[in-house]
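Tertiary structure, described
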Amino acid sequence: MNRSRLRSAVGLLLVAGVALSAAACGSDDGGEAPASDPNAKVTLVINGLPPDTEAVNRKHFLDNVAEFEKLNPNIDVDAKEGKMDPQTFQSKLAGGQLEDVFYVYFTDPASLIAKRQVADISKYLDEFAPTKEIRPDLMKIFSDDSGKVYGLPAKNYSLGLLYNRELFTQAKLDPNSPPKTWEEVRTAAKAIAGLGKDYVGYGDYSKNNTGGWHFTAEMYSLGGDIAVNEGGTWKAAFNNDKGKQVLQQLKDMRWTDNSMGQRQLLEWADLLQLMGSGKLGMYVAAPDNIETIVNQFKGDFNKYGLGPIPNGTATLAGGEGYMFNAKATPEKIRAGLKWLTYWWNNPDRIEAEYQWAAEQKTPVGLPEPALWTGDAKAKQQAAIDKLKNLPVENYKPFADATANIPLKVEPPNAQQIYAVLDVPMQKVLTDKNADIAKLLSDAETQVNSILASVK
């Protein structure tokens, strides 16, 4: 779901690995990067500075800026608050207000590259060794079809199955072996709901775009799609057997098994609150939900486990990174890459970032798809082993399995599509006579209308 996942910088350095198909990290068109004066004075405008309301993270960001400027006396960093906002991006670009290096979500690069609104940085990457250790599948998100690169990833996440280990034990389920298929989810949900009144075996969303978001995740887990590009035209792709399977599973658990509870029309905070109460067995979530459950809903880190997304054909993933203004000079591009490979993309700083996080009592060890490969990945794992402050063994099923589960990003115009897909999710969870075929057909018509504007 395309929402801000604002956390400390350590978020980009957390453990596990998830694979997409590998892709080349740079351009193969030959030639060298344009020359520039290494001593020329450069003012580099960036964004992503945390607001005043996040005093600790803001100070950490500015401390890193100060250290970077000390190491690079010819570069002045002008840090701005804010991240990618599609509503204001075009006006900033047209008005010459776009930063030299700016924050994007994983859903943004393809469109920006296609519109030629970002700079090709491919020929500069050989000058910055850390970029060679970033996972190729993540670099692909910031690349065009020919392999030219326009930005760098900073952090990423994927969805799995969050579950209450204590309830698993009480229901005579193995807390070290969470469900691997949707059929096993249904069986486990019935067992947990059978513990007594108010226990919910499995929870799901259906309101304020969260239902469509989870429908998408569950489609991906079965090998389905929400939208496909056919000859340059995007079309809805969920009105099929896989779409019916997702909705039928939920309908059966809700009405046949009564394992999803009476309360429905849930949105983002509802499932976290229910998990914090100790009454919910499972739901699809990103690992960072655990931290929020503990901090905001009185949860306990020791109670929660993470497994891979059931069926595991693919998993919905997202993330963040930085791209370069199309008008950036060679001096600006080199300065920007120096900044990104100083902090966000620097494997030699992994342990220092974990140390800072531990000192702030921020979790170290939540499983996230890793940014790195090779020696850098090994450095990351060593730092986690040294500084972890969480029961990382509880997340082993997720960490072990997700290396083999492909990542899939959100469809174009995701939020509009999610709003449409909320409706079939709502209907199957609130109406035992809901007509799944009609719900999918109606949603398909609406989504095709939304996709017609995608170029």
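Within each chain, residues carry numbers counting from 1 in the order of the written sequence. It should be noted that, the model being predicted, local features are given only for residues of pLDDT at least 70 and side-chain atom pairs only at 80 or more, the latter also being counted only at that level, while totals for whole chains, interfaces and linings use all residues. Only hydrogens and water are set aside when side-chain values are computed; all heavy atoms of the structure are taken into account.

1. Quick word on the overall build of the protein
Runs of E in the DSSP output that reach at least two residues are strands. Runs of H or I that reach at least four are helices, and both are numbered from the N terminus. When helices and strands are tallied, the protein shows 16 helices and 12 strands. Over its C-alpha trace the protein gives a radius of gyration of 22 Å, about what one expects of a compact globule, namely 23 Å for 455 residues. With the principal axes as the frame, the protein shows a C-alpha extent of 70 × 50 × 35 Å. Considering only contacts within the protein whose residues lie at least 6 apart along the sequence, 81% involve residues at least 24 apart. The charge count includes Lys and Arg as positive and Asp and Glu as negative, but it does not include His or the ends of the chains. Where a charge sits is defined by one atom per residue type, namely NZ (Lys), CZ (Arg), CG (Asp) or CD (Glu). Treating the 50 positive side-chain charges of the protein as one cloud and the 57 negative ones as another, the clouds have centres 4 Å apart. Just to be clear, the radius of gyration here is over C-alpha atoms, and the globule rule we use is 2.2 Å times residues to the power 0.38. Residue contacts follow a heavy-atom distance rule, with two residues in contact if any of their heavy atoms lie within 4.5 Å.

2. Some thoughts on the domain arrangement of the protein
Each assigned domain of the protein is listed with its residue range as follows: domain 1 (42-156 + 319-379) and domain 2 (160-315 + 402-452). Domain limits in this description derive from either an automatic procedure or a database domain assignment. Look at where the C-alpha atoms of domain 1 and domain 2 centre, and you get two points 32 Å apart. Taken residue by residue, the interface counts 11 residues in domain 1 and 9 residues in domain 2. Together domain 1 and domain 2 conceal approximately 700 Å² of surface at their shared face, both sides included; 78% is due to carbon and sulfur atoms. The term buried area denotes the loss of accessible surface (1.4 Å probe radius) that occurs when two parts are joined, taken as the sum for both partners. When the buried area of domain 1 at its contact with domain 2 is split by residue, T107, P363 and L366 rank highest and sum to 53% of it. A pair is scored as a salt bridge if a Lys or Arg side-chain nitrogen falls within 4 Å of a carboxyl oxygen belonging to Asp or Glu. Summed over the shared surface of domain 1 and domain 2, the result is 0 salt bridges.

3. Looking at the sheet that holds strand β9 (residues 280-285)
Read across the open sheet, the 4 strands follow the order β6-β9-β5-β10; overall the sheet is mixed. Strand pairing shows two members of the sheet lacking a second neighbour, β6 (200-202) and β10 (304-308), which therefore form its edges. Adjacent strand axes in the sheet meet at a mean angle of 25° when their direction is disregarded. If DSSP finds at least two bridges between two strands, the strands pair. Pairing between β6 and β9: 2 bridges, direction parallel. Interaxial angle, 0 to 180 degrees, is taken between N-to-C directions of lines fitted to C-alpha atoms, where a helix line uses only the stretch in contact.

4. A closer look at helix α12 (residues 350-359)
Partly exposed residues are those whose accessible area sits between 20% and 50% of the maximum for their type, while under 20% is buried and over 50% is exposed, using a 1.4 Å probe and protein chains only. Listed in full, the buried residues belonging to α12 are I350, E353, Y354, W356 and A357. Relative to the axis of α12, the buried residues are bounded by an arc of 160° and lie together on one face. The inward-facing, buried residues of α12 abut α1 (55-71) and α13 (374-387). Looking at the residues trailing α12, positive phi occurs at K361, about 60°. What the arc covers is the set of directions going from the helix axis to the C-beta atoms.

5. Some words on the pattern of salt bridges
Per the stated rule, a full pass over the model turns up 23 salt bridges. Its salt-bridge partner being K41, residue D76 comes within 3.7 Å of it at the nearest N-O pair. Note that D76 is positioned in strand β2 (residues 75-81) and K41 in the segment before β1 (42-49), a separation of 35 residues in sequence. Taking the relative accessible area as the measure of exposure, D76 reaches 33% and is therefore partly exposed. The class for K41 is exposed, based on a relative accessible area of 55%. Between D137 and R135 there is a salt bridge whose closest N-O contact spans 2.5 Å.

6. Topic: unusual backbone geometry
The residue N208 is not glycine, and still its phi comes out positive at about 55°. Note that N208 resides in the loop between β6 and α7 (210-221). Here the phi dihedral of N209 falls at roughly 75°; this positive angle occurs in a residue that is not glycine. Its location among the elements puts N209 in the loop between β6 and α7.

7. Things to note about the pairing of strand β7 (residues 227-230)
Alignment of β7 against strand β8 (residues 233-236), held across 4 bridges, turns out to be antiparallel. Directly across from A227, in β8, lies its bridge partner A236. Counting the residues between successive antiparallel strands, the hairpin from β7 to β8 contains 2 residues, one of them, G231, with a positive phi of roughly 60°.

8. Let's talk about the nonpolar core
Core analysis: the largest hydrophobic core is formed by 73 residues, its most contacted members being L162, Y202, F215, F238, M282 and Y283. With 8 residues, helix α15 (residues 414-430) is the single largest residue contributor to this core. Not counting the four nearest positions on each side in its chain, F238 is found in contact with F215, M219, D225, I226, G243, L421, L440, A443, E444 and V447. Nonpolar cores are built from buried Ala, Val, Leu, Ile, Met, Phe, Trp, Tyr and Cys residues. Side-chain atoms within 4.5 Å join them into one set. In terms of nonpolar packing, the next biggest core, distinct from the first, is built from 62 residues, L125, I141, Y354 and L387 among them.

9. Focus on the environment of D300
With respect to the helices and strands, D300 occurs in the loop between α10 (288-297) and β10. For D300, a relative accessible area of 32% corresponds to the partly exposed category. Along the backbone, D300 and I290 are 10 residues apart, and their C-alpha atoms lie at a distance of 8.6 Å. For D300, the side chain forms a polar contact with the main-chain nitrogen of N302, separated by 2.9 Å. Pairing of N or O atoms within 3.5 Å defines a polar contact, subject to two protein rules: one partner must be a possible hydrogen donor and the other a possible acceptor, and residues neighboring in sequence count only if both atoms are side-chain atoms.

10. Description of the environment of A352
Note on placement: A352 falls in helix α12. Each C-alpha atom of the pair A352 and A383 lies 8.7 Å from the other, and the pair is 31 residues apart in sequence.

11. Focus: the environment of Q90
Note that Q90 resides in helix α2 (residues 86-94). Setting aside residues up to four positions removed in sequence, Q90 forms contacts with K115 and Q117.

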